[in-house]
Each structure stands twice: as C-alpha cells, then as structure tokens.
Amino acid sequence: MNLLLPVAGTSIGFVLLVGAGAVVGFLSGMFGVGGGFLLTPVLIMIGIPPTFAAASDSCQIIAASSSGTAAHFRLGNVDFKLGSVLLLGGLTGGSIGVHVIRMLRAMGAADFAITVTYIVVLGGIGGFMFVESLQSLRRGALVPRSHHSTQGRGLLSRLPFQMDFPRSRVRHSVIVPFLLCVSVGILSAIMGVGGGFIMVPMMVYLLRMPMHVAVGTDLFQILFTSAGITYMQATTNYTVDLMLALVLAAGSTVGAQIGARVARRLRGDQLKILLASIVLLVMAKMAVGLLISPSVLLSPAKGH
Amino acid sequence: MMKQSKFHVSVATILAMLFSGSAHAATSPQPVFLKVTPSVIPMGTFYAGARLQVEGHVPVGSEVVVVVRGEDVHEVFNKVGRVGPIWVNTGKVSISGIPSLLMIFSTKPIATCLARPQIDRYQLDATAVKMQIKFTPRESGGDPVADDFLKLKMGQGSYRLAVGDIRTADAFEDDLPFKLDIAWPKSAPPGTYEVRAYACRHGEIGPTFAVPLQVVEVGFPAMIAALARERPATYGIISIMVAVIAGFGIDFLTTCIFKRKVSAH
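Definitions and cut-offs
- Residues numbered from 1 in each chain as written.
- Chains lettered and ligands numbered in written order.
- Predicted model: local features only at pLDDT ≥ 70, side-chain atom pairs only at ≥ 80, totals over all residues.
- Heavy atoms only, no water.
- Salt bridge = Lys/Arg side-chain N within 4 Å of Asp/Glu carboxyl O.
- Buried < 20%, exposed > 50% of the residue type's maximum accessible area, 1.4 Å probe, protein only.
- Helix = DSSP H or I, 4+ residues; strand = E, 2+ residues; numbered from the N terminus.
- Contact = heavy atoms within 4.5 Å.
- Buried area = accessible area lost by both parts, 1.4 Å probe.
- Polar contact = N/O pair within 3.5 Å; in protein donor to acceptor, adjacent residues only side chain to side chain.
- Nonpolar A, V, L, I, M, F, W, Y, C, P; charged D, E, K, R; others polar.
- Pairing = 2+ DSSP bridges.
- Core = buried A, V, L, I, M, F, W, Y, C linked by side-chain atoms within 4.5 Å.
- Domains from an automatic or database assignment.
- Expected span 1.5 Å × (residues − 1).
- Disulfide = S-S within 2.5 Å.
- pLDDT = per-residue confidence, 0-100.

## Remarks on the pattern of salt bridges
All names here are of chain B.
Logical step 1: Applying the stated rule across the entire model yields 12 salt bridges over all chains.
Logical step 2: The closest approach of N and O atoms between R116 and D125, which form a salt bridge, is 2.7 Å.
Logical step 3: Here R116 falls in the partly exposed class, since its relative accessible area comes to 35%.
Logical step 4: Its salt-bridge partner being D181, residue R167 comes within 3.6 Å of it at the nearest N-O pair. With R167 in strand β10 (residues 167–168) and D181 in strand β11 (residues 175–184), the pair connects residues that are 14 residues apart, well separated along the chain.
Logical step 5: You can call R167 partly exposed: its relative accessible area is 42%.

The following block contains the structure:
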C-alpha cells in the first residue's frame, strides 16, 4: 500500500516507512539517540526529497522522544532538573554552532570541516566507549556508581553554583553541565544532527550519570530541541510533511517503547558497548564512503 | 449557469489554442490528433501513480514522438569533489532551464527520424536537454556536471527516454493510429504537464498536437498541503501537538498492552 505525502508531493510505500520508523525508534528508546543521523539518509535513499526528509524527521523525533521520555519517566530515568540545564546549554551551543557554520561556509571549508568533525567525534567517542565498556564487561559485575563518582574532581568541585541532582545521583556546579552542553550544541549544529550520539556519552563519562538516566534525560531534552526545529522548518522552509512524520512516528513510537523495555533488561555496560558499536559502524561507513569515488558527482542539496 | 458554461467553453478554447500546434494544424491537411486518458490524475491519500493511455494518429508514413514534459524548475545540488584522499562536497550548483519531468517516447530512435537541428530545437534527446541546462555559478557547470545531472534524474525516474513503447496500428485512410501506455511515476509532483505528439517525416518535424495533463492533490492530502502553504505557523504548531499526542498516545497504549500481558501471566 502506498501513501501520498501531501507536502513533499510524492508517494511512498506505507510498510517501508513504518518499518524505517520502527528501527530508528527502537534505537531511540534504547540509547536515547534521536535517530536524525540515521533516518534522514534512509528517507533520502527511498526517494523523499532531502529538504522534506530532514524537516519531517525532526517532527517524527518529537513523537518518538515524547513516547521514549514517558516510558523512561515511569522507570524513573528522567532527571528533569539536569535535563533543563542541559537543554539551555544545548540551545545556546546550537545558536553558536549555526554562526560557526556560516563562517565556515563563507570560507568555503564547511563541508570538509563537517566531514572531518563527524569522523573524529564519532571515532573518538565510539572508540573510547567501546574500549571502556569492554574492559568493564571483562571485569565482571558493575561497580556501583553513586556519589563517590563526583569525588576528587578538584577544581570542578570548587566551582560556584554547586547543585545536587538526586535523580542522576551526582553533584555538579550548574556551570559544568551547561558548558558541556554548549560544546555539544556547537558540535551537533556543525554536524547537523540532534546530538544524542554525543550527548549520552558525555553525560555518562563527564557528568558521571548512570547510563539509563542519561538516556531518559537526553530524550527529554531532544523533545524540546526537535519541536523548535520543526516549527522553524514549517514556517521558513515549508518542508514539514505531517503525514510522513506521523507514519514514521507510528513505527518509531512503538519501536521506542520496545527499545526502552529492552534497555531495562540490559546492564549499563552492555548498553554502552552496543551504542559504541553502532557509533563505530556509522563512522566506518562514512569513512569508507569518503574514500570510494562516487558514480555521480552531484547529490541533491538539503537546502541549509 | 449559462454564463458559467460560456466561461468554461472560452477557457477550454484558449487552453486548446495554447496547447495545440495550431499553426502547424492550419498548414497541414492531416493534423496530428492526440487524446490522453485520464486528463486529470487525482492524488488521494493512497495514491500510487497512475496508468496513462495516450492515443491518437499521425499522417501515414510518419514516425511518432510523444513527449511528456513538466514545468521548468530550478534545483540546487551539491558538487562532490576530491580533497586529498577523500570525496566531499566542494560547493553548490544551481541548475535551471530543466523540466521537472521529461519522458520522450518514439517509434524509432530519434536520431534516425530527425536531423540534429530539429532534435535540438524541440529538445528531443539527452544532448539537446543538456544544451538547455543553465548553471549558476556558470563556471561550476559543464558537460560532466550535465551528464551526472541526467544520470541522477534517470535514476530517480523523473527523466525517461524510451524507444519502441509506441504501438502503431494499420493505417486508416491517411491516418496512422498509435497508442502508448505510460506508467505515471508516483514521485512526480502535482502540477500541470504537457503531453505533445510530433509527426516526423523526412528528417523534419511535421504537425504537432498537445494536450495538458493535470496532476492534482485531492481530499485530505490537498487540505494538509494547503494548510502548510497558507498558514505555516498554525501548521507548525499543529504538527508539534499532533506528534506529541501521538507519542504519548502510543506510550499509553503500549503501557496498557504490557500491563495486560503482565497481569495475564
């Protein structure tokens, strides 16, 4: 059965769209990643014009992340207090990132910079997570992570505006998560993705949050950032296709629910190693794609 | 009522004059005739493309060329180039002077029916289409880029050059009837298209005849498209709200299902 996408003005297989949404939703619920980095290229591949694919994807991420946030909230995995700080930092960083991109474009180095940033960031985060999780798995049981993880932070613990985040079982100066998210926001704006792939590892390794809470909190803040992007795309580029977003969401919200439940059955280290493997696979695919000469030297522009 | 029907007749006459090769028809004793069924393709919710039947006749002894052409558009592409060992986007190129859709059908290879100037004038093959492409910035264009553009379009199904799809029947008096079935691509956007038949003889294009083909969104898709176009802010807010409700709704449903499963155990 086919479905007409009224704003994109094209017709696509219904099952194909639901299936793509379900796979991405599963990853979203399991790892707290929005799926923008994965779903947009898939949509382009199945024939949806790039501008509509990117904008409608951000709309479906709202549905997937609200479903994921609700599921994680019931499991006690959403830290609203820390999530709000992260959201503010992410939005600030995103705005700075947009200016950085504009500067790079003016210099004619934007695409090269984006590609290199992608490879370096994904490779670095994926590699580190993979090695660390593997060592942890080999050691056996998880070392309980509680308030001890915030001890011995030297300079960081002497920063002003120290605050307890009981849900995440950490104590930080508000400045730390804020600045961290500013940098992630800059990176995600440059890379053109939601930032879940960078944010979750940052929360786990630098803010010392438990993996499950990092995933739930990340979904909470993705909900707001994707809503902002959707509104912007609908009013400036007229490229949000609600029908496409809803069909994708039908798959992704169910996938997110299953993902959240599967995540609950896995240990934090197992989740981390799975996420690291996916990050490394994406990075490897990108690296190979950069080295192989393409058959056509043109590609439809996303229209940034 | 009367006024309305008179208005429709006048519009139809103007459209027929605009689209038909009236100049050719006036000078030719055997004008080409063409009929497209359906003349309007409705795009409903479950639209999956359409079958288009083109039938008509040309003067006996002619070869038939049928061209389906969309409105001219301009598109932006990334140019991929090599920087050191890697392939990255090296810039953008805007391509204009191109139809949104182009399908050329002929009874014989175009080059065997027509002389090159005629092919170029009526844009009846890839070389002719390439000549019409305009690049911005100009220096970013050229033959290799035009070739890649055509490859891309043909891969997407928006451009098609087919020989032998047109079936001709026995001549009736001085007319040679022909038929063509076209699988209308589901990816073709809504808009006005032109279907034109050319009669070719002795390397020249003779009489031609064209009819318009409308592809229009109807029902719910038409409503959504209009809202997105005319009230983007409202549409944006509705999109966000619907997505949030869908997310929480599915969460509620799955929670009920999982709870029922757990209590059943």
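After that view, the rundown keeps rolling.
## Overview of the interface of chain A and chain B
Logical step 1: Contacts between the two partners involve 50 residues from chain A and, on the opposite side, 55 residues from chain B.
Logical step 2: For the pair chain A and chain B, the summed buried surface comes to about 4400 Å²; carbon and sulfur atoms form 70% of the total.
Logical step 3: Counting every contact that joins chain A to chain B gives one salt bridge.
Logical step 4: Linking chain A with chain B are nine residue pairs in polar contact (both at pLDDT 80 or more).
Logical step 5: Listed by contribution, the elements that provide at least two residues to the side of chain A that touches chain B are β1 (2–5), β2 (10–13), α3 (50–74), α5 (110–139), α8 (211–237), α9 (242–265), α10 (268–291) and β5 (298–300) of chain A.
Logical step 6: Looking at the side of chain A that touches chain B element by element, the count peaks at eight residues for α3 of chain A.
Logical step 7: By residue class, the composition of the side of chain A that touches chain B is 31 nonpolar, 15 polar and four charged.
Logical step 8: Strand direction decides the pairing type here: β5 of chain A and strand β5 (residues 72–83) of chain B, joined by three bridges, are antiparallel.

## As for unusual backbone geometry
Logical step 1: Geometrically, the link from T37 of chain B to P38 of chain B is a cis peptide bond, its omega value of -5° lying close to zero.
Logical step 2: Summarising the element assignment, P38 of chain B is placed in the loop between β1 (33–37) and β2 (40–43).
Logical step 3: Even without glycine at this site, R169 of chain A takes up a positive phi of about 55°.

## Some points on the pairing of β5 of chain B
All names here are of chain B.
Logical step 1: Bridge count for β5 against strand β6 (residues 86–99) is 11 bridges, and the pairing is antiparallel. Opposite V76, over in β6, you have S94 as the bridge partner.
Logical step 2: In textbook terms, the turn of a hairpin is the stretch between consecutive antiparallel strands, and for β5 and β6 this stretch comprises two residues, one of which, G84, has a positive phi near 65°.

## Points about the sheet that holds strand β3 (residues 50–59) of chain B
All names here are of chain B.
Logical step 1: The antiparallel open sheet is built from four strands, whose spatial order is β1-β3-β11-β10. Every other strand in the sheet has two partners, leaving β1 and β10 as the edge strands with one partner each.
Logical step 2: Pairing geometry for β3 and β11, over 10 bridges, is antiparallel. Bridging across to β11, Q53 finds its partner in D181.

## With respect to the nonpolar core
Logical step 1: Among the nonpolar cores identified, the biggest contains 41 residues, and L122, V200, M203, L207, M209, M211 and L275 of chain A are the most heavily contacted of them.
Logical step 2: Among the elements that make up this core, the one with the highest residue count is helix α7 (residues 196–205) of chain A (eight residues).
Logical step 3: I48 and A245 of chain A together with A228 and Y235 of chain B belong to the second-largest nonpolar core, a separate cluster that totals 33 residues.

## Side note on the domain arrangement of chain B
Logical step 1: Per the domain assignment, the segments making up chain B are domain 1 (26–217) and domain 2 (231–264).
Logical step 2: Summarising the inter-unit geometry, the C-alpha centres of domain 1 of chain B and domain 2 of chain B are found 45 Å apart.

## So, helix α6 (residues 143–156) of chain B
Logical step 1: For α6 of chain B, with 14 residues, the first-to-last C-alpha span of 20 Å sits near the 20 Å given by 1.5 Å per residue.
Logical step 2: V145, A146, D148, F149, L150, L152 and K153 of chain B are the residues of α6 of chain B that are buried.

## Considerations on the side chain of H72 of chain A
Logical step 1: Of note, H72 of chain A is situated in helix α3.
Logical step 2: Residues within four places of H72 of chain A in sequence aside, it is in contact with G29, N77, V78, H212, V215, G216, L219 and A260 of chain A.

## So, the state of the cysteines
Two cysteines, two sulfur atoms, one covalent bond between them: this is a disulfide.
Logical step 1: For the coordinates displayed, the defined rule picks out zero disulfides over all chains.
Logical step 2: You can see C200 of chain B has no disulfide; the closest cysteine sulfur is in C113 of chain B, sitting 5.7 Å from it.

## Looking at the confidence of the model for chain A
Residues and elements named next belong to chain A.
Logical step 1: Mean pLDDT over chain A: 80, with 87% of residues reaching 70 or higher.
Logical step 2: For chain A, the element scoring lowest by mean pLDDT is helix α2 (residues 36–45), at 74; β1 scores highest, at 90.
Logical step 3: Low pLDDT, under 50, characterises residues 142–152; the stretch is placed with 15 contacts to residues that sit more than four places away or in other chains.

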